[in-house]
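# Chain and residue survey
For reference, the chains in residue letters:
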Amino acid sequence: MTALIDAAAVFSLGPVGAVRAVRDALAAGLDPDADMPRAITPLANGQGLLMPSEAGGWFGVKVATVAPGNAARGLDRINATYLLHDSETLRPAAILDGVALTTLRTPAVSVGAGLDRLHELAEGAADGLRIVVFGAGPQAEWHVRTVRAHAPVADVTAVTRRGGATAAWADRRLAADDPEVAERVRVADVVVTATSAREPVVDGRLVRDTALVLAVGSHEPAVRELDGVLMERATVVVESRETALREAGDVILAVAEGRLDPGTLLPMADLLAAKAALPAGRPVVVKTSGMGWEDLVVAVAVYRQAGLAAGGQ
């Protein structure tokens, strides 16, 4: 019987469980470069995405849609469903809430990739980390939640285009053109960009040499949240070189400007396998676009937590 796993059950895995699922999969040898490419299809009112992946005895696919006009309708911009199958029989094992799964796994990947730098920062911050988040949607909130689950946090600033009411997960909300934003970025330990912007939202000159930057908003070749100045200064960690050079505008545009050597991109699998180290004195940028394997390993962890997996699965 196919299990139906709702949003509450997905979120019950929690940020720590989701980060562990991502890191454990990579430590066990999962190769992101071998993942199935996703398909992005233009639709009349947005985009459709199909994100398949097979690993560890499981096959799964996320069917997602992005509808930019939904905000004006009071509806979610992104909708998704996840279908999980047993790889041996290819029978459907579960249908999961895909929006909740995406909301949980995206920060699990970026925080999981930047966890060593995050711990270094936490050791040097007596009162906790200072975070600046560009964006105020679910990804902004859940990146803060995921950082908080792994390190003490002292202060959170949310930055949005026009400012507005401060959400419960932040200490303040500033408009992007507020002069205070620059000072907040200068002292930030962690900077998160989780926006739908098509141009850079962060002045790369302001970011501290020790900072961790988690960039998750863009997944199109011509769209970026980070400028070439920051990408040139930073050690850039990616899910997969091939994927980043195909989909990540932050990477692609910096390479085109001559500010980033694609050969220096650091795959997170190499970082977690200790095949590479993060150099001191440089910001760390974790740039993710979203890949099918990430949904799969977190979906399997949710399924197992629910006590639904049987046998050797």
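These remarks concern the structure in this document. Note that the structure is a prediction, hence the values are computed from the model and not measured.

The next point concerns the overall build of the chain. Counting its regular elements, the chain contains twelve helices and 14 strands. Oriented by its inertia axes, the alpha-carbon framework of the chain measures out at about 55 × 50 × 40 Å. In the chain, which comprises 313 residues, the share counted as buried stands at 53%. In the chain, the proportion of contacts linking residues at least 24 apart, taken out of those at least 6 apart, comes to 66%.

The eight strands lie next to each other as β9-β8-β7-β10-β11-β14-β12-β13, forming an open sheet whose pairing is parallel. A single partner strand is all that each edge strand has here, and the edge strands are β9 (172-175) and β13 (266-267). Relative to strand β10 (residues 190-193), strand β7 (residues 129-134) is paired through four bridges, and the arrangement is parallel. Residue pairing for β10: Phe134 is matched across the bridge by Thr193.

Here Ser53 is to be found in strand β3 (residues 46-55). At 2.6 Å, the side chain of Ser53 forms a polar contact with the side chain of Asp35. Each residue touching Ser53, except ones within four places of it in the same chain, is listed here: Asp35, Met36, Trp58, Phe59, Gly60, Gly292, Trp293 and Leu296.

The next thing to look at is helix α2 (residues 14-27). The terminal C-alpha atoms of α2 lie 20 Å apart, and with 14 residues this matches the ideal 20 Å at 1.5 Å per residue to within 8%. Buried within α2 are the following residues: Gly14, Pro15, Gly17, Ala18, Val19, Ala21, Val22, Ala25 and Leu26. Residues of α2 that are buried in the fold lie against α1 (7-11), α4 (98-113), α6 (138-148), α11 (268-272) and α12 (292-305).

What follows covers the pairing of β10. On β10, burial covers both faces: Val190 and Val192 on one face and Val191 and Thr193 on the other are all buried. Across four bridges, β10 lies against strand β11 (residues 212-215) in parallel orientation. The residue of β11 that forms the bridge with Val191 is Val213.

A word on unusual backbone geometry. Even without being glycine, Leu90 reaches a positive phi, approximately 60 degrees. Within the secondary structure, Leu90 is located in the loop between β5 (78-86) and β6 (92-97). Exposure remark for Leu90: the relative accessible area of 52% places this residue in the exposed category.

Further remarks concern the pattern of salt bridges. Considering all chains together, one arrives at 19 salt bridges under this definition. Among the salt bridges present, the one from Arg205 reaches Asp203, with a minimum N-O distance of 2.7 Å. A network of salt bridges, in which partner residues are shared, links Arg38, Glu242, Arg246 and Glu247.

This part is about the sheet that holds β6. Spatially, β1-β6-β5-β4-β3-β2 is the arrangement adopted by the six strands of the open sheet, whose pairing is mixed. What marks the edges here is a single partner per strand, and that holds for β1 (3-5) and β2 (39-43). Shown here is a sheet whose adjacent strand axes are inclined to one another by a mean of 15 degrees, direction ignored. Running over the sheet, α4 touches β3, β4 (58-66), β5 and β6 and is turned about 90 degrees from β5.

The next subject is the environment of Arg91. Note on placement: Arg91 falls in the loop between β5 and β6. We classify Arg91 as exposed; its relative accessible area is 56%. Sequence spacing of Arg91 and Phe59 is 32 residues, and the spatial spacing of their C-alpha atoms is 9.6 Å. Setting aside anything within four residues of it in sequence, one finds Arg91 in contact with Leu84, His85 and Asp86.

The description of two packed helices rests on the angle between their axes and on the distance between the axes. Running from amino to carboxyl end, α2 crosses α12 at an angle of 120 degrees, the nearest separation of the two axes being 9 Å. α2 and α12 meet at a crossing whose hand is right-handed. Residues Ala18, Ala21, Val22, Ala25 and Leu26 of α2 form the contact with α12, whose participating residues are Trp293, Val297, Val298 and Ala301. Taken together, the residues of the contact of α2 with α12 sort by class into nine nonpolar, no polar and no charged.

The subject of this paragraph is the packing of α2 against α4. Put simply, α2 and α4 touch, their axes get as near as 8 Å, and they point 60 degrees apart. Where α2 crosses over α4, the handedness of that crossing is right-handed. Residue-level contacts link Gly14, Pro15, Ala18, Val19, Val22 and Arg23 of α2 to Leu104, Ala108, Val109 and Gly112 of α4. A class-by-class count of the residues in the contact of α2 with α4 yields seven nonpolar, two polar and one charged.

Quick notes on the rules
- Residue positions are counted from 1 within each chain, in the order its sequence is given.
- In view of the model being predicted, local features appear only for residues whose pLDDT reaches at least 70, and side-chain atom pairs are presented and counted only at 80 or more, with totals across whole chains, interfaces and linings using the full set of residues.
- Hydrogens are left out, water is left out, and the side-chain values use all remaining heavy atoms of the structure.
- Numbering of helices and strands runs from the N terminus, with a helix taken as a DSSP run of H or I at least four residues long and a strand as a DSSP run of E at least two residues long.
- Think of it in three bands: with a 1.4 Å probe and only protein chains considered, a residue is buried below 20% of the maximum accessible area for its type, exposed above 50%, and partly exposed in between.
- Any two residues whose heavy atoms approach within 4.5 Å at even a single point are treated as in contact.
- Here a strand pair is declared whenever DSSP counts at least two bridges between the two strands.
- In protein, a polar contact requires one atom able to donate a hydrogen and another able to accept it; more generally it is a pair of N or O atoms within 3.5 Å, and residues adjacent in sequence count only if both atoms are side-chain atoms.
- A helix is expected to span 1.5 Å multiplied by its residue count minus one.
- Within this document, salt bridges are pairs made up of a side-chain nitrogen of Lys or Arg and a carboxyl oxygen of Asp or Glu, the two lying within 4 Å of each other.
- Interaxial angle, 0 to 180 degrees, is taken between N-to-C directions of lines fitted to C-alpha atoms, where a helix line uses only the stretch in contact.
- Take the far helix as your reference; a near helix turned counterclockwise from it by less than a right angle gives a left-handed crossing, and one turned clockwise gives a right-handed crossing.
- Charged means Asp, Glu, Lys or Arg here, nonpolar means Ala, Val, Leu, Ile, Met, Phe, Trp, Tyr, Cys or Pro, and polar covers whatever is left, Gly included.

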